[in-house]
Amino acid sequence: LLRSLDAELCARHDADARTALFARGSPERIEPGSIVLVEQLSSRSAPRKLAFAGVLLNVKRRGILSTITVRNYVLGTGVEVVYPIYSPMVSRIKVLKPVKPGFSKGADQVNYLREKPSSAPLSFGSVEELVIRNTETE
């Protein structure tokens, strides 16, 4: 019963095919280490879009409570933000640069990037360039 309720809630809140982005067996699956752009609304009463781009560190699959952790450097300080995937406040999750297959070796997290940011597939400085290119094309 709980699994069917969870599947129904996920289907109801599945904006822009997010389930396919984070499902284990999906061919469109995002691997940790990819560069993602997450847009969220600041509030429901006065909606304003806030964007955060960074390296996808962690994917926790808990049904409707699934979350992702995105990390970037802002003014020289490491910033991590945890987003609920199915939240109505998250308007869009877009992959800016997918990582090569096998980078995370099938794991759901690449937490070692916290201690060794130089081992990331892209430097954290190039994340800003990807965001600028993305906004120019849209």
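These remarks concern the structure in this document. (Residues numbered from 1 in each chain as written. Predicted model: local features only at pLDDT ≥ 70, side-chain atom pairs only at ≥ 80, totals over all residues. Heavy atoms only, no water.)

Examining the environment of V59
- Within the secondary structure, V59 is located in strand β2 (residues 49-60).
- Residue classification places V59 among the buried positions, given a relative accessible area of 4%.
- Sequence separation between V59 and I30 is 29 residues, and the spatial gap between their C-alpha atoms is 9.3 Å. (Helix = DSSP H or I, 4+ residues; strand = E, 2+ residues; numbered from the N terminus. Buried < 20%, exposed > 50% of the residue type's maximum accessible area, 1.4 Å probe, protein only.)

Details of the sheet that holds β2
- With respect to topology, five strands assemble into an open sheet ordered β4-β3-β2-β1-β5, the strand pairing being antiparallel. Among the strands making up the open sheet, the edge pair consists of β4 (77-84) and β5 (90-97). When the angles between neighbouring strand axes are averaged without regard to direction, this sheet yields 40 degrees.
- In this structure, strand β1 (residues 35-41) lies alongside β2, joined through seven bridges in antiparallel fashion. Within β2, the position partnered with L37 by the bridge is A53. (Pairing = 2+ DSSP bridges. Axes fitted to C-alpha atoms, helices over the stretch in contact; angles between N-to-C directions.)

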